[in-house]
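# Architecture and fold: a report
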Protein chains: 4
Amino acid sequence: MIKVGVIGYGYWGPNIARNFNIIESAKLIAICDSDKKARERARKMYPYVNIVANSDDIIKSKDIDVIAIVTPVSSHFNLAKKALQNGKHIFIEKPFISNSVQGEELIQIAEKKKLTIMVDHTYIFTGSIKKIKELIDNKIVGNLFYYDSTRVNLGLFQHDVNVIWDLAVHDVAIMDFLINKKPVAVSATGSKHFCRDLEDVAFLTLYFNDNFIAHFNVNWLSPVKIRLTLIGGDKKMVLWNDLESDEKIKIYDKGVDIKTVEGKYKLLVDYRSGDMYAPKLERKEALKTEIEYFIECIEKNKRVINDGYAGLRVIKILEASNKSLKKFGRYIKL
Amino acid sequence: MIKVGVIGYGYWGPNIARNFNIIESAKLIAICDSDKKARERARKMYPYVNIVANSDDIIKSKDIDVIAIVTPVSSHFNLAKKALQNGKHIFIEKPFISNSVQGEELIQIAEKKKLTIMVDHTYIFTGSIKKIKELIDNKIVGNLFYYDSTRVNLGLFQHDVNVIWDLAVHDVAIMDFLINKKPVAVSATGSKHFCRDLEDVAFLTLYFNDNFIAHFNVNWLSPVKIRLTLIGGDKKMVLWNDLESDEKIKIYDKGVDIKTVEGKYKLLVDYRSGDMYAPKLERKEALKTEIEYFIECIEKNKRVINDGYAGLRVIKILEASNKSLKKFGRYIKL
Amino acid sequence: MIKVGVIGYGYWGPNIARNFNIIESAKLIAICDSDKKARERARKMYPYVNIVANSDDIIKSKDIDVIAIVTPVSSHFNLAKKALQNGKHIFIEKPFISNSVQGEELIQIAEKKKLTIMVDHTYIFTGSIKKIKELIDNKIVGNLFYYDSTRVNLGLFQHDVNVIWDLAVHDVAIMDFLINKKPVAVSATGSKHFCRDLEDVAFLTLYFNDNFIAHFNVNWLSPVKIRLTLIGGDKKMVLWNDLESDEKIKIYDKGVDIKTVEGKYKLLVDYRSGDMYAPKLERKEALKTEIEYFIECIEKNKRVINDGYAGLRVIKILEASNKSLKKFGRYIKL
Amino acid sequence: MIKVGVIGYGYWGPNIARNFNIIESAKLIAICDSDKKARERARKMYPYVNIVANSDDIIKSKDIDVIAIVTPVSSHFNLAKKALQNGKHIFIEKPFISNSVQGEELIQIAEKKKLTIMVDHTYIFTGSIKKIKELIDNKIVGNLFYYDSTRVNLGLFQHDVNVIWDLAVHDVAIMDFLINKKPVAVSATGSKHFCRDLEDVAFLTLYFNDNFIAHFNVNWLSPVKIRLTLIGGDKKMVLWNDLESDEKIKIYDKGVDIKTVEGKYKLLVDYRSGDMYAPKLERKEALKTEIEYFIECIEKNKRVINDGYAGLRVIKILEASNKSLKKFGRYIKL
């Protein structure tokens with residue numbers, strides 16, 4: 001039975017704690033939060049769990065095998081480093097880390113100590129993303145043209161990161177999982193308001209070697225919530241609308257074919273407009289699936305897919321985006 | 001009675017011809033198309049109108065006061081220049097012109113000869129855009145944060161321009177009409193497919209001096225049609241969905257207020273979530289309104305709002321976009 | 001070349017005239033309307049067609065083979081009877097006739113004189129209804145449980161019939177075409193407002209012998225337009241939303257299976273929740289397809305599917321509905 | 001502190017228990033369920049609560065003031081009667097009771113013993129229904145024409161009642177709350193499948209004295225979930241779509257006016273098409289609001305709005321519906 005301590009019981013921490021508590025193969029034994037009210041809420045929910053104010057009480061505890069770090073990103077490095085040095089596996093909230101150098105250091109420590117780092121890229125465990133992965137890997141979608149996601153809503157709650165680090169991090173992690181290609185450069189534009197020094201509206205383009213392009217529209221100042229991703233391929237096109245209750249994934253047999261008329265420069269465009277199909281999706285809670293997988297990998301000594309390297313690939317893109325933002329869209333190599 | 005000749009009877013020309021034919025104050029007297037089939041269609045529809053193959057027959061006709069140029073953009077300059085030199089007012093399809101130098105030349109000729117140039121920015125005559133203009137000008141929306149439009153669908157029909165010149169031109173013209181600010185620079189990214197040298201997916205950011213930002217997402221390879229614009233202000237936020245049949249404009253009493261806690265750096269975010277309201281919109285056909293307005297301005301010798309200067313402002317943005325596209329998102333001053 | 005006269009050039013007549021005019025195999029030679037303004041509109045549109053005020057000028061013309069009757073239903077019987085007696089095939093607007101006795105008389109005359117009656121049940125020529133017909137006939141949907149349609153909007157334009165005769169007539173005709181079963185009885189409820197003696201809101205249930213049931217919700221006082229039909233079968237369920245632009249037909253692999261536990265009375269409910277699929281539909285204008293089919297059937301002396309009998313089956317249901325409405329939902333046998 | 005026992009911990013019971021447990025003014029002290037697994041789930045959730053198998057342990061407990069009855073409707077009468085006889089206030093799931101005679105008996109006992117009966121008509125405590133009530137009571141909607149609700153989905157879980165008692169009960173209770181008129185008669189139609197003797201598809205019409213009409217469409221065999229209610233008035237029309245996340249209530253300034261041309265029988269129809277408005281709604285959980293209100297009424301000895309009489313009015317409509325269903329839509333007086 002793997003014993004778990006959770007550091008951070010704010011907005012997302014309770015979900016992490018709940019899932020570690022539910023699953024058979026793990027046991028939640030401690031929760032830490034520096035805020036008194038958060039500790040009280042935790043105590044009410046888990047009267048049998050050790051509730052502490054100081055993270056060292058969890059990090060240094062000999063009883064604990066796994067530490068979940070669910071705190072603001074600026075605190076990730078110190079907590080994670082100490083946890084790894086104390087021999088704990090870590091489950092760490094996204095974004096993985098504030099800068100890639102620190103991320104590399106954590107990965108190195110974990111490898112030396114044979115510990116697991118899992119970065120909480122929850123979405124890749126949803127039925128929707130699993131289905132799209134399957135469609136892409138099985139060549140159903142064909143050669144990919146573009147990936148275009150929009151994630152906007154009203155929300156300015158993050159005090160230490162901009163909207164790219166808060167919202168686009170989801171989509172960059174999803175894209176990293178889905179697309180078997182390496183981005184080569186970034187161009188990001190955006191804007192800041194309310195006299196803050198953090199972008200609340202931003203647009204991110206990722207360049208790849210083969211004309212595939214990815215774009216991310218993130219916005220904390222939208223009156224409506226949109227969670228929409230379009231993926232275009234030469235065989236099929238996929239629309240993922242995460243706000244649909246029943247038909248989150250739609251697969252279109254639509255496309256464009258181009259024929260070159262022999263010996264001439266004129267191109268003939270041929271549209272293909274066919275059926276649409278919305279597959280049944282697995283409905284299990286993604287976070288539960290992820291956490292069970294995490295525990296299983298630790299027990300069986302298997303590599304996790306959303307490991308430190310996956311977290312680091314995402315961070316490198318976010319870092320480059322910040323550089324490009326400062327240069328007003330300048331092409332920044334990855 | 002103002003007499004009109006239409007050059008170009010392909011996809012959009014029939015709509016122009018139909019509207020010049022319907023309205024009381026104008027008389028359609030000639031249509032030109034180099035394609036035989038197009039001429040046959042025109043002849044069937046307008047047996048009493050002079051149908052010609054050579055544009056000079058219209059341009060040099062002494063009977064004609066106004067020439068509508070509804071041909072591919074690459075032919076605009078020559079046709080428009082000759083028409084103006086022959087003393088004709090011109091109604092010209094968007095994009096106005098292939099390059100801004102030529103646009104300036106046309107404007108100069110028109111001014112010298114006291115002729116009117118109207119660029120067909122049809123959308124600004126819709127009930128939707130008129131309503132948004134009213135909301136912005138009357139300070140209902142408040143200080144503007146961003147303008148974000150998406151115009152995507154399956155469609156690769158344009159042989160001589162990229163997707164920005166074909167699709168974003170609509171939204172740039174709308175934004176130019178709505179927003180009383182001057183953009184200072186452009187950053188554009190995009191991608192080409194099918195061995196063509198024209199982008200079919202592109203993303204355009206316009207920078208302004210005061211943190212206002214505009215973004216345009218255009219895509220010819222989308223399986224679904226989206227026509228969505230969000231405009232964020234500090235008082236209200238507006239959503240324009242041109243595909244809705246009844247509620248194209250939604251005005252949200254939603255927003256974010258930020259308070260600085262006295263003497264501290266910490267910001268307090270305060271959400272405002274109120275009513276939504278969808279105003280009744282004028283339903284008259286925009287193109288008819290536009291063409292009636294064009295004829296009225298000629299008769300009364302009034303300046304048109306969508307004149308050569310408006311067309312030129314749009315073209316300068318498109319030109320800069322092309323430059324930025326080639327430099328992978330590089331900031332290009334306007 | 002079959003020569004056609006159209007009687008009635010009000011709301012729907014222009015569409016009928018336009019289609020008879022377009023198709024190759026027919027020639028529109030006369031249009032009649034008692035209203036002067038309607039005649040003027042017709043004359044402007046068809047300067048080469050004979051425009052008359054008196055229907056006898058069409059009915060008695062020796063030049064004419066086919067008469068399209070596009071007038072209010074109260075005038076159908078007299079016009080149609082005279083037309084048939086004068087040896088004309090008729091294309092007649094829905095509802096076919098005011099009462100079934102008159103309908104039978106018309107059918108008798110037509111049969112004696114070997115003339116064709118086509119009742120304008122346009123919807124059965126749409127890509128949507130053809131696809132559903134195919135799904136039902138090929139046993140894809142399986143055994144049918146119910147047919148449930150909603151057709152509501154703001155509209156009180158009919159002066160001589162109630163909302164069932166104006167709106168439900170569409171859906172009853174569609175159902176008559178789709179469902180290979182005979183209804184046995186009707187129960188209808190509804191309400192009248194504005195001191196009129198015609199229902200503007202009504203609900204119609206059709207009973208069948210085998211537990212299949214059909215229901216029609218029609219309403220002239222709805223703020224929103226709804227055109228929605230659900231068809232439930234034991235293999236598939238179909239949703240037809242005529243207001244969707246792209247995915248009018250959705251086919252759900254969803255259902256309920258019931259197992260009786262052996263020897264016990266308890267039932268086990270087993271849900272089946274699978275994929276959804278939206279087939280590509282034929283996009284040709286239904287009215288054009290219908291009119292071409294009409295002319296072809298006349299030329300080749302073939303029976304039309306939407307003949308007087310089809311019209312009559314619909315009228316008998318509407319008549320019974322009116323009886324049931326007066327008795328507040330009383331079961332009226334067909 | 002009012003002490004509460006909950007009988008029934010199946011599908012809905014956990015929500016009732018959770019809310020009695022959360023609120024300040026009540027204390028959850030016992031839960032009963034005859035099913036062992038349900039008791040285990042209850043015990044895990046509420047280790048400090050008395051979990052019992054026999055309802056008498058709750059009903060006869062001297063510690064308990066209030067009993068929540070969350071069991072199938074067939075058991076309501078016996079449990080409620082015993083509870084009232086033992087001096088307990090009752091909170092009882094909807095439908096209130098299997099037949100109105102039993103309902104009247106319970107009301108009589110409660111009145112004699114000065115005990116409160118609250119029937120769990122949860123919806124009337126939602127922000128949506130409160131807003132519509134306000135619109136109707138303040139004469140914003142004007143004179144009412146019709147009430148038309150659709151509540152359909154896949155679901156056949158109820159073993160002891162038909163779809164009217166399971167689904168329409170919600171809407172009849174909502175309508176009873178919203179509409180200040182008394183229905184005079186019922187006409188119901190429906191159909192049964194799967195060799196069960198319970199309707200799974202049904203349509204219910206309620207007649208009122210003044211041409212107002214109410215209609216309810218309920219269906220357990222629908223592939224899609226619909227929760228839609230239209231309310232038509234002569235000033236405004238209201239659409240309530242409970243599946244919308246943000247704009248559940250839309251108020252349309254649309255309508256029809258009829259003018260009689262002086263001295264003539266002809267009516268002139270005048271459409272009014274104005275703005276639409278979606279008010280901000282209260283978002284508090286309805287069940288929590290309801291339970292707090294229940295406890296407050298008991299403490300302050302106030303009459304509850306959703307009392308036994310409200311429950312009984314609904315039951316009388318459901319009873320009459322069943323009679324009408326058996327007679328295929330026959331008008332049954334209330």
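What comes next concerns the included structure.

Cut-off values and rules
Residues numbered from 1 in each chain as written. Chains lettered and ligands numbered in written order. Predicted model: local features only at pLDDT ≥ 70, side-chain atom pairs only at ≥ 80, totals over all residues. Heavy atoms only, no water. Least-squares fit on C-alpha atoms with pLDDT ≥ 70 in both. Contact = heavy atoms within 4.5 Å. Pairing = 2+ DSSP bridges. Helix = DSSP H or I, 4+ residues; strand = E, 2+ residues; numbered from the N terminus. Axes fitted to C-alpha atoms, helices over the stretch in contact; angles between N-to-C directions. Buried < 20%, exposed > 50% of the residue type's maximum accessible area, 1.4 Å probe, protein only. Lys, Arg positive; Asp, Glu negative; His and termini not counted. Salt bridge = Lys/Arg side-chain N within 4 Å of Asp/Glu carboxyl O. Buried area = accessible area lost by both parts, 1.4 Å probe. Phe/Tyr/Trp six-rings, centres within 6.5 Å; stacked < 30°, edge-to-face > 60°. Lys NZ or Arg CZ within 6 Å of the ring centre and 35° of its normal. Polar contact = N/O pair within 3.5 Å; in protein donor to acceptor, adjacent residues only side chain to side chain. Parallel < 35°, antiparallel > 145°, perpendicular 65-115°, else oblique. Left-handed = near helix turned anticlockwise from the far one by under 90°. Nonpolar A, V, L, I, M, F, W, Y, C, P; charged D, E, K, R; others polar.

### What to know about the relation of the copies chain D and chain B
- At an RMSD of 0.0 Å, chain D and chain B line up after a rotation of 180° and a shift of 0.0 Å along the axis. The symmetry that links the two subunits is that of a two-fold axis. Considering only C-alpha atoms, the part of chain D nearest the rotation axis is D:Tyr277, at 2.2 Å.
- The overlap is high: 100% of the interface residues of chain D also sit at the interface in chain B, so the same surface is used on both sides.

### Observations regarding the sheet that holds strand 3 (residues 50–52) of chain C
All names here are of chain C.
- One open sheet holds the 6 strands; their spatial order is 3-2-1-4-5-6, and the pairing between them is parallel. The open sheet has two edge strands with one neighbour each: strand 3 and strand 6 (117–119). For this sheet the average axis-to-axis angle between neighbouring strands, irrespective of direction, equals 20°.
- Lying on the sheet, helix 1 (residues 13–22) is in contact with strand 1 (2–7), strand 2 (26–32), strand 4 (66–69) and strand 5 (89–92); it crosses strand 2 at an angle near 150°.

### Focus on the side chain of C:Asp200
All names here are of chain C.
- The topology assignment puts Asp 200 in strand 9 (residues 199–207).
- At 5.0 Å, Arg 196 is the nearest oppositely charged side chain to Asp 200, a buried residue that forms no salt bridge.
- Not counting the four nearest positions on each side in its chain, Asp 200 is found in contact with Leu 156, Val 163, Ser 191, Lys 192, His 193, Phe 194, Val 218, Asn 219, Trp 220 and Leu 221.

### Details of the interface of chain C and chain D
- Between chain C and chain D, the residue contacts involve 51 residues of the former and 50 residues of the latter.
- Taking both sides of the interface into account, the surface hidden between chain C and chain D amounts to around 4500 Å²; carbon and sulfur atoms contribute 70%.
- On the chain C side of the contact with chain D, C:Leu154, C:Pro223 and C:Phe328 bury the most area, a combined 13% of that side's loss.
- For the interface between chain C and chain D, the tally reads 0 salt bridges.

### Describing unusual backbone geometry
- Between A:Lys94 and the following residue, A:Pro95, the backbone shows a cis peptide bond with an omega angle of -5°.
- Relative to the helices and strands, A:Pro95 resides in the loop between strand 5 (89–92) and helix 5 (100–112).
- Phi at A:Lys139 is positive, roughly 65°, even though this residue is not glycine.
- Overall, the relative accessible area of 59% leaves A:Lys139 in the exposed class.
- For D:Asn301, which is not a glycine, the phi torsion comes out positive at approximately 55°.

### Observations regarding the packing of aromatic side chains
- Applying the stated criterion across every chain yields a total of 48 aromatic pairs over all chains.
- With centroids separated by 5.7 Å and ring planes inclined at 75°, the aromatic side chains of B:Tyr123 and B:Trp240 adopt a geometry described as edge-to-face. Here the residue B:Tyr123 occupies a position in the loop between strand 6 (117–119) and helix 6 (127–137), and B:Trp240 occupies one in strand 12 (residues 237–241), the gap between them amounting to 117 residues. Grouping residues by exposure puts B:Tyr123 and B:Trp240 together as buried.
- By way of ring pairs, the aromatic residues A:Phe20, A:Phe91 and A:Phe294 are connected into one cluster.
- Seen from the ring of A:Phe177, A:Lys133 lies directly overhead, with NZ or CZ sitting 5.2 Å from the centre.

### Some thoughts on the interface of chain D and chain B
- Listed per partner, the contact involves 13 residues of chain D and 13 residues of chain B.
- Counting the surface chain D buries against chain B, the share from its top three residues, D:Asp275, D:Met276 and D:Lys280, is 44%.
- A salt bridge links D:Lys250 to B:Glu247; the shortest N-O distance between them is 3.5 Å.
- Counting across the interface, chain D meets chain B through 11 residue pairs in polar contact (both at pLDDT 80 or more).

### A look at the pairing of strand 10 (residues 213–219) of chain D
Residue and element names in this part refer to chain D.
- Burial analysis of strand 10 places 7 of its 7 residues in the buried class, which makes it a mostly covered element.
- Burial along strand 10 is two-sided: the residues Ile 213, His 215, Asn 217 and Asn 219 and Ala 214, Phe 216 and Val 218 are all buried.
- Pairing of strand 7 (residues 144–154) with strand 10, which is carried by 7 bridges, proceeds in the parallel orientation. For Val 152, the partnering residue across the bridge sits in strand 10 and is Asn 219.
- Relative to strand 10, strand 9 (residues 199–207) is paired through 7 bridges, and the arrangement is antiparallel. Residue Leu 206 lies in a different strand from strand 10, and its bridge partner there is Ala 214.
- The antiparallel hairpin formed by strand 9 and strand 10 contains 5 residues in its connecting segment, where Asn 211 sits at a positive phi of about 75°.

### Some thoughts on the side chain of A:His170
- Following the sequence through the fold, A:His170 ends up in helix 7 (residues 163–178).
- Setting aside its immediate chain neighbours within four residues, A:His170 contacts A:Lys94, A:Tyr123 and A:Arg151.

### Concerning the packing of helix 1 (residues 13–22) of chain B against helix 8 (residues 286–300) of chain B
Residue and element names in this part refer to chain B.
- Two elements in contact, helix 1 and helix 8, have axes whose closest approach is 10 Å; the angle formed by their N-to-C orientations is 60°. Between helix 1 and helix 8, the interaxial angle falls into the category oblique. Note that helix 1 runs across helix 8; the crossing there is right-handed. Contacts between helix 1 and helix 8 involve Asn 15, Ile 16, Asn 19, Phe 20 and Ile 22 from the former and Leu 287, Lys 288, Ile 291, Phe 294 and Ile 295 from the latter.
- Here the contact of helix 1 with helix 8 is built from residues that sort into 7 nonpolar, 2 polar and 1 charged.

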